[in-house]
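# Coordinate analysis (summary)
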There are 2 protein chains.
Amino acid sequence: MISKKMQELVAGSSVIRAMFEEGKLMAQKYGAENVFDFSLGNPNTAPPNTLIEDICDILKNNQSIHGYMNNSGYEQTRETIAQSINCKDGLNLNFKNVCMCVGAAGGLNIILKTILNPLDEVIVFAPFFSEYKNYVDNFDGHLKIIPANPPSFMPDLKAFESAINKNTKAIIINTPNNPTGVVYDDDTLAGLAHILNRKQQEFSQDIYLISDEPYREIVYDNIKVPSILKFYDNSFIAYSYSKSLSLPGERIGYVVANSAMKDLDEIMSALNVANRILGFVNAPSLFQKVVERYVDAPVNLDLYKSNRDILYKHLVSLGFEINNPDGAFYLFPKSLISDDVAFCNEAKKFNLLLVPGSAFGCKGYFRIAYCVSPSTVINSLSSFTNLVAHFK
Amino acid sequence: MISKKMQELVAGSSVIRAMFEEGKLMAQKYGAENVFDFSLGNPNTAPPNTLIEDICDILKNNQSIHGYMNNSGYEQTRETIAQSINCKDGLNLNFKNVCMCVGAAGGLNIILKTILNPLDEVIVFAPFFSEYKNYVDNFDGHLKIIPANPPSFMPDLKAFESAINKNTKAIIINTPNNPTGVVYDDDTLAGLAHILNRKQQEFSQDIYLISDEPYREIVYDNIKVPSILKFYDNSFIAYSYSKSLSLPGERIGYVVANSAMKDLDEIMSALNVANRILGFVNAPSLFQKVVERYVDAPVNLDLYKSNRDILYKHLVSLGFEINNPDGAFYLFPKSLISDDVAFCNEAKKFNLLLVPGSAFGCKGYFRIAYCVSPSTVINSLSSFTNLVAHFK
């Protein structure tokens, strides 16, 4: 008999993951080339083509590469990452600001373990990656959701300000955003920081800004993602190499804490302990050494940009209400009927696997993960056309 | 400001890990060859010498090896592991019984997330791996400790029986045992199962037997570790390749649930969801493919056996009360004074890094992790001699 919490969780198990499994079954039934699976953020771009060579080189030149290290990771890896961020964002970090972790999911969990007391509130802006609710619940926190702010999907700062109270411990933002592709600009981050600073003072307590940034490098048209570390002292970044290096299965990422964070040493010690006692122990050792070589590697955006442009243009021509995303690899159009779940179920009849917006706390929309092959995009276009015709 | 729970955890942070860090500092000060660091279970035996070749081969022959897969892991890896266990233990498992996980630490956490409701009790026998307390506490469970049963350190079945009550949800055993090296024999497992079956009936509820088995293959003198799956229906094994393949930094292991377990399908679904929502997501993908090739690889025990024999003989000659361990790579002698922490502090004066038994819930003893180089063992012998002289 599984625990009460798990009964609910298993029953409401991830819509996205369920679709991933359904997609595999449909591919068996109809042939993979006839199923247009836009359900999962599994990068289709190949990892860097020097990766195999580098891994083999690391293995041949590093004795005891597979052993334990400090729970926060190899110092050299952490220092390399810190210096890379310093160069890009004009900051002053060193290895002590960095804790290597098991992907951004692992990173968010060690941050939340570090800061949350039971019943503490964590604020997110809809639409949001649905796992945040589970991560916060792992530590008996409460997720407070600010309603979506279409059509821009930028954070509603007024609603944010009035949502903060004495129980607010943190806010999680995700920029570039899954599922909207929105990138928070300087003004937005400054606005968030301004409110947070005022509220910290009002309630005489620390409120942490956590930025989940697995899509940091996945941006188009020369957009740059501003660093929250420049805007707000009590800020963390959770980063993953899943998307930039196309290594989602390897579970490698890091957490950075701002040098100006209050009680920084204690926070870093707690992240280290959290890594250990949550059972991660440390980020996988070989891939720590791998990412050390790729901190400044250019990210190949060609496929994603081309997919985005083709899909966006086609969907606009079909009359969808939709933003052209600045980053990530998702489109988030308005559903043709208010019931987004029913809409996505209908889409399956056209072999289109789409994720309802309600999975992200935002009804009436749906997500297209366009990190797929160009042929999937091209071949799917007529299905989208037929889907629209079906609703006319 | 870190959470209240974390304040305690950081303050009382792992004695073993602290020693690991202290050892590195001492090595810098006195030279690595003059410090005898017996504090951490970091295997000194090299990984299999074909490992590099195999990793490079896997990388060259598997497209999308680094992608997401089902949260429970690659089916082929899971099936290979199931069939290997079937061969060795005459069982009837398949891939559905297996969930790949981030080391045994990750495995224990997903099991406990799956079964524990707040205030449920989990029983362990002292001495025990101190992380169990933290793992159980992650899910608001309560650890109930059965006092140590020296000199054999086999479980005290009478004390066990009277410790079980209506709140008992699980028992964690660890065989071969860290820190005693004891292997639970058929009679012991049958005894545990008999009591558990009776108590399940008495309290009309499931009680799970969880066996933490990272040292399963580290056994000497033709000892075989019996499988708990043959003795008790509601049983899990948490396994790690950290010790058998010397890959502790890579975080690769699995959980097996007994085919006869009640609600098996629901349990396996919950393990899958727990892997996801605790932030592990999946076991590292490349190393899933690596261990698939090594399920039946012989484990090189020569170094450990030789270290054990040399240290055991020397310590006996010095008058230590000590068992010759059947498995794992630890010796657990009686301390020369009742205060084991003071004893280990004195040992540092002789450059011996030993872990007090109280770190395992067993005062008056200390642990020697002999998974070190032969020269460390040989060169340490005079330090042990001097340590004993110091206390005479």
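Structural notes, computed from the coordinates. (Residues numbered from 1 in each chain as written. Chains lettered and ligands numbered in written order. Predicted model: local features only at pLDDT ≥ 70, side-chain atom pairs only at ≥ 80, totals over all residues. Heavy atoms only, no water.)

## Describing the overall build of chain A
When its secondary structure is counted, chain A shows 13 helices and 12 strands. Principal-axis analysis of the C-alpha atoms places the extent of chain A at approximately 60 × 55 × 50 Å. Counting every position in chain A, which comprises 392 residues, the buried fraction comes to 63%. Long-range contacts, defined as pairs at least 24 residues apart, comprise 74% of the intrachain contacts of chain A with a sequence gap of at least 6. Accessible area of chain A: about 14,400 Å², with a carbon and sulfur share of 51%. Computed over 35 positive and 41 negative side-chain charges, the separation of the two mean positions in chain A equals 4 Å. (Helix = DSSP H or I, 4+ residues; strand = E, 2+ residues; numbered from the N terminus. Buried < 20%, exposed > 50% of the residue type's maximum accessible area, 1.4 Å probe, protein only. Contact = heavy atoms within 4.5 Å. Areas by Shrake-Rupley, 256 points an atom, 1.4 Å probe, with all protein chains shown as cover. Lys, Arg positive; Asp, Glu negative; His and termini not counted. Charge placed at Lys NZ, Arg CZ, Asp CG, Glu CD.)

## Regarding the sheet that holds strand S9 (residues 330-331) of chain A
All names here are of chain A. Strand order in the open sheet made by the three strands is S9-S12-S11, with antiparallel pairing throughout. Unpaired on one side and paired on the other, S9 and strand S11 (355-356) mark the two borders of the sheet. Note: S9 against strand S12 (residues 366-369), two bridges, orientation antiparallel. Bridge pairing links Tyr-330 to Ala-369 in S12. (Pairing = 2+ DSSP bridges.)

## Focus: helix H13 (residues 374-390) of chain A
Residues and elements named next belong to chain A. Under the 1.5 Å per step criterion, the end-to-end length of H13 is 25 Å for 17 residues, consistent within 8% with the ideal 24 Å. Approximately 35° is the largest bend angle found in H13, and it occurs at Ser-380. Looking at H13, one finds that the buried residues are Thr-376, Val-377, Ser-380, Leu-381, Ser-383, Phe-384, Leu-387 and Val-388. Contacts from the buried residues of H13 go to strand S1 (36-37), helix H11 (302-317), helix H12 (340-348), strand S10 (352-353) and S12. (Expected span 1.5 Å × (residues − 1). Bend = angle between axes of the 7 residues up to and from the residue.)

## Things to note about the interface of chain A and chain B
Every contact between the two is made by 72 residues of chain A and, on the other side, 72 residues of chain B. Taking both partners together, chain A and chain B bury about 5,800 Å²; carbon and sulfur atoms supply 55% of that area. At the junction of chain A with chain B, the criterion picks out two salt bridges. Our enumeration of links across chain A and chain B arrives at 35 residue pairs in polar contact (both at pLDDT 80 or more). If you list the elements that add at least two residues to the side of chain A that touches chain B, you get helix H1 (4-11), helix H2 (15-30), helix H3 (51-61), helix H5 (103-115), helix H6 (131-138), helix H9 (264-277) and helix H10 (285-294) of chain A. When residues in the side of chain A that touches chain B are grouped by element, the largest group, eight residues, is from H9 of chain A. (Buried area = accessible area lost by both parts, 1.4 Å probe. Salt bridge = Lys/Arg side-chain N within 4 Å of Asp/Glu carboxyl O. Polar contact = N/O pair within 3.5 Å; in protein donor to acceptor, adjacent residues only side chain to side chain.)

## Focus: the pattern of salt bridges
Tallied over the entire structure, the rule returns 40 salt bridges over all chains. Note that Glu-213 of chain A and Arg-216 of chain A form a salt bridge whose closest N and O atoms lie 2.6 Å from each other. Each member of the pair, Glu-213 of chain A as well as Arg-216 of chain A, is classed as buried. Between Lys-305 of chain B and Asp-309 of chain B there is a salt bridge whose closest N-O contact spans 2.9 Å. A residue pair is termed a helical-turn pair when its members lie 3 or 4 positions apart in one helix, as Lys-305 of chain B and Asp-309 of chain B do in helix H11 (residues 302-317) at four residues. The partly exposed category is assigned to Asp-309 of chain B, whose relative accessible area is 30%. Connected through shared salt-bridge partners, Asp-221, Lys-305, Arg-308 and Asp-309 of chain A make up one network.

## Observations regarding the state of the cysteines
Think of a disulfide as a covalent bridge from one cysteine sulfur atom to another cysteine sulfur atom. Scanning all chains against the criterion turns up one disulfide over all chains. One disulfide bridge connects Cys-56 of chain A with Cys-56 of chain B, the sulfur atoms lying 2.3 Å from each other. Of this pair, Cys-56 of chain A sits in helix H3 while Cys-56 of chain B sits in helix H3 (residues 51-61), placing the two residues on different chains. Both residues of the pair, Cys-56 of chain A and Cys-56 of chain B, count as buried. Its sulfur unpaired, Cys-344 of chain B is 12 Å from the next cysteine sulfur, which belongs to Cys-362 of chain B. You can call Cys-344 of chain B buried: its relative accessible area is 1%. (Disulfide = S-S within 2.5 Å.)

## Considering the relation of the copies chain A and chain B
Expressed as a screw operation, the relation of chain A to chain B combines 0.0 Å of axial shift with a rotation of 180°, fitting to an RMSD of 0.0 Å. What we have between these two chains is a two-fold relation. Taking C-alpha positions as the reference, the residue of chain A nearest the rotation axis is Cys-56 of chain A, at 3.0 Å. Both copies share a contact surface, since 100% of the interface residues of chain A are interface residues in chain B too. (Least-squares fit on C-alpha atoms with pLDDT ≥ 70 in both.)

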